[in-house]
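Spelled out from the first residue to the last, the chains are:
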Amino acid sequence: MTTAARLETEDLGVHFGARSALEAVSIRLDPAETVGLVGPNGAGKSTLLKALAGMLPPSHGVVRLDGVLVRRPNPAVVYVPQRTGVDWSFPVSVLDVVLMGQLRRRTRFLGFGAADREAAVAALERVGMDRFAGVQIGQLSGGQQQRVFLARALLQDGAVFLLDEPFAGVDIPTQELLIDLFDRLGKAGKTIVYATHDLAHASRSSDRVLLVNRRLIASGPPAAVMTAGNLRAAFGGQAIVLVEPAPAPAVGQGAGAER
Amino acid sequence: MTDWLLDPLARPFMQHAFVAIVLVGAICGAIGTFVTLRGLAFMGDALAHAIFPGVVIAYVLGGNFLVGALIAAVLVSLGIGAISQNGRLTNDTAIGVLFAGGFALGIALISAQRTYTKDLASFLLGSILGVSRQDLLLTGAVGLVVLVTMAVFRRELTLVAFDRTFAQASGLNLWAFDQLFLLLLSLAIVVSLQTVGNVLVLAMLVTPAATARLLTDRLRVMTALSALIGAGSGVIGLYVSYHAGIASGASVVLVATGVFGLAFLFAPRTGAVTSRLARRLHFAHPERDVFAAEPTPGDRSLPAG
């Protein structure tokens, strides 16, 4: 069983100045795998995704894509940023945003051709947003904004999809669309990694969960990873009630004793 | 009325002035689109002031003021980048430090000249009536460079302005495109100095673009409209200046500000007055609401690439 990993890190660490955001993370991500990246705010989830995407240089350790060292962003790795990082009052239409996913492919002096636009509309159809193609993005709801980002990602047609908090602040139909999309992309052999601080989503729509808090705490199937001990190590005791229906006194005492 | 329009055009210095203000209005209007969308108004103002010593040094040495200004602009934009790399200071602090420092250096240098007051006034407020044919050619050439570069890199400039994280993930070099943008901005400012002056160039960068944003939701339309409003305000402002005998730079800026005021009040859909009217009419015409009605398949509006 030594098939090549699609994406892997070895002893990956990322520092910002004197502050360490990630330490000694070694993971492997295989084709056709959907991985939930779980941890509290500030745990380094976004940092790990950016390092995987080749956007942040590792302070130590390496990232490899299909065995080759990642030094800069690669078209095979599609990155979907958080919705909140974007100015939604910007004067561009839904179709304009989706076409930004074609930036690498078009020729400089010609505009986008009819084929580019058809592909963009097809991507919008896959997320149920084709009838909004001409709408200015400021008029969209949170879920619709997320769908536009997904359409842009689909248009890029990579082998790996890295999504930063795709479930945050979106409506239930969009959550279901995301789960369905992960399923289909997984069946097409794509690797999906998405960051979330929502434990319920992570256990429902991941083949595997990576629990992080500045270092890798646990990795494995959701049921095996989301144990009281692991979650306490990652979240510091506060999130346990959310996943354990019957709060065992021992856990409460344990958490209390730790403080 | 015909006399009012034609009289100024008979004078050669006014002909030059009209060509200059149209060029400057269009160049600043176009690049101003990105200045407003990226929230870089303070940066634009700072660049205009910080390149001042470069202009003065060129003037004192008898060199080309454009070269002096450009060298100063590149130094200042690199300096701002370097200072904000230090994690303790924010970008606008860095801008503030270099803005004031550069401007003071310019004043110090020019105050050593004998014709101090007159020189300072013409730098700060512009001297549009003294524009020569050679100045016009230079302004036109620089303007062409700015507009062509903007057109060639429009997608990159747009993506960097809209979504920096995704731009970086797409393999764009953010630093390089930021510097390119600042260089274009510096060029636009430099060719505007003679026409509208150091102090008021900010208005040409921000006001027409802000007006255009109120009138459209499309970046391309906004850029064209902003250039048009800039040039148009320039022409009307010059006429007003000629006939009312007021300073030309101030007159141009006041016209641009007036146009902004009109758009703010009466822009279709978004105007302060018009949107109130529209709300009243909403129940009479619910079909105009894009989300209320189910668009037909033929309804899909695809902008031309």
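Keep in mind the model is a prediction, meaning the values are calculated, not measured. (Residues numbered from 1 in each chain as written. Chains lettered and ligands numbered in written order. Predicted model: local features only at pLDDT ≥ 70, side-chain atom pairs only at ≥ 80, totals over all residues. Heavy atoms only, no water.)

Caption draft 1: Structural view of the sheet that holds strand β4 (residues 34-38) of chain A. All names here are of chain A. A sheet is described by the order of its strands in space; here six strands give the open sequence β7-β8-β9-β4-β10-β11, paired in mixed fashion. A single partner strand is all that each edge strand has here, and the edge strands are β7 (77-80) and β11 (216-220). Each adjacent strand pair in this sheet contributes to an overall mean axis angle of 15 degrees, direction not counted. Bridging between strand β8 (residues 160-164) and strand β9 (residues 191-196) involves five bridges; their strand directions are parallel. By the bridge assignment, L163 is partnered in β9 with Y194. Where helix α4 (residues 142-156) meets the sheet, its contacts fall on β7 and β8, and the angle it forms with β7 comes to roughly 170 degrees. (Pairing = 2+ DSSP bridges. Helix = DSSP H or I, 4+ residues; strand = E, 2+ residues; numbered from the N terminus. Axes fitted to C-alpha atoms, helices over the stretch in contact; angles between N-to-C directions. Contact = heavy atoms within 4.5 Å.)

Caption draft 2: How the structure looks around α4(A). Residue and element names in this part refer to chain A. In this model, α4 (15 residues) spans 22 Å end to end at C-alpha, consistent with the 21 Å of a helix rising 1.5 Å per residue. In terms of residue burial, α4 counts as a mostly covered element, since 14 of its 15 residues are buried. Just beyond α4, the residue with positive phi is D157, at close to 55 degrees. (Expected span 1.5 Å × (residues − 1). Buried < 20%, exposed > 50% of the residue type's maximum accessible area, 1.4 Å probe, protein only.)

Caption draft 3: Here's a closer look at the pattern of salt bridges. Enumeration according to the criterion identifies 14 salt bridges over all chains in this entry. With its nearest N and O atoms 3.8 Å apart, the salt bridge here joins A:D96 to B:R218. Of the two residues, A:D96 is situated in helix α2 (residues 94-99) and B:R218 in the loop between α11 (174-215) and α12 (219-244); the pairing between them involves two chains. A relative accessible area of 25% places B:R218 in the partly exposed class. Among the ionic pairs, A:D180 bridges to A:R184, the shortest N-O distance being 3.1 Å. Pair noted here: A:D180 and A:R184 are both in helix α5 (residues 172-187), with a separation of four residues, about one helical turn. Look at A:R184 and you get exposed, because its relative accessible area is 52%. Each of A:E8, A:E10 and A:R64 takes part in salt bridges that share partners, so that together they form one network. (Salt bridge = Lys/Arg side-chain N within 4 Å of Asp/Glu carboxyl O.)

Caption draft 4: Region of interest: the packing of aromatic side chains. Under the defined criterion, the tally for this structure stands at 13 aromatic pairs over all chains. Seen from their ring centres, B:F34 and B:F181 are 6.3 Å apart, and the 70 degrees between their planes marks the pair as edge-to-face. Taken together, the residues span a long stretch of sequence, with B:F34 in helix α2 (residues 12-37) and B:F181 in helix α11 at a distance of 147 residues. An identical accessibility class is assigned to B:F34 and B:F181; each is buried. With a centroid separation of 6.2 Å and an interplanar angle of 20 degrees, the aromatic rings of B:F260 and B:F264 are classed as stacked. Of the two residues, B:F260 and B:F264 both sit in helix α13 (residues 248-266), four residues apart, roughly one turn of that helix. For B:F260, a relative accessible area of 27% translates into the label partly exposed. For B:F264, a relative accessible area of 46% corresponds to the partly exposed category. Through a chain of ring-to-ring contacts, the aromatic side chains of A:W88, A:F90, A:F149 and B:F162 assemble into a single cluster. (Phe/Tyr/Trp six-rings, centres within 6.5 Å; stacked < 30°, edge-to-face > 60°.)

Caption draft 5: Layout of helix α4 (residues 52-61) of chain B. Residues and elements named next belong to chain B. Among all positions of α4, only F52, P53, G54, V55, V56 and A58 are buried. Elements that come into contact with the buried residues of α4 comprise α3 (41-50), α5 (65-85), α6 (91-111), α7 (116-125) and α11. Once α4 ends, the next one or two residues include G62, with phi positive near 75 degrees.

Caption draft 6: Spotlight on the packing of α4(B) against α7(B). All names here are of chain B. Remark: α4 packs on α7, axes separated minimally by 12 Å, with the N-to-C direction vectors making an angle of 135 degrees. Our classification of the angle between α4 and α7 gives oblique. The chirality of how α4 crosses α7 is right-handed. Contact residues: F52, V55 and Y59 in α4; D119, L120, F123 and L124 in α7. Its residues placed into classes, the contact of α4 with α7 shows six nonpolar, no polar and one charged. (Parallel < 35°, antiparallel > 145°, perpendicular 65-115°, else oblique. Left-handed = near helix turned anticlockwise from the far one by under 90°. Nonpolar A, V, L, I, M, F, W, Y, C, P; charged D, E, K, R; others polar.)

Caption draft 7: Seen up close, the domain arrangement of chain A. Residue and element names in this part refer to chain A. When its domains are assigned, chain A resolves into domain 1 (1-76 + 159-236) and domain 2 (86-157). Between domain 1 and domain 2, the C-alpha centre-to-centre distance is 25 Å. Facing the 18 residues of domain 1 at the interface are 12 residues of domain 2. The contact between domain 1 and domain 2 buries some 1100 Å² in all, and 63% of this surface belongs to carbon and sulfur atoms. For the domain 1 face of the interface with domain 2, the top three residues by lost area are F161, L177 and L181, together amounting to 36%. Linking domain 1 with domain 2 are one salt bridge, by the criterion used here. Where the side of domain 1 that touches domain 2 is concerned, the elements lending two or more residues are β8 and α5. (Domains from an automatic or database assignment. Buried area = accessible area lost by both parts, 1.4 Å probe.)

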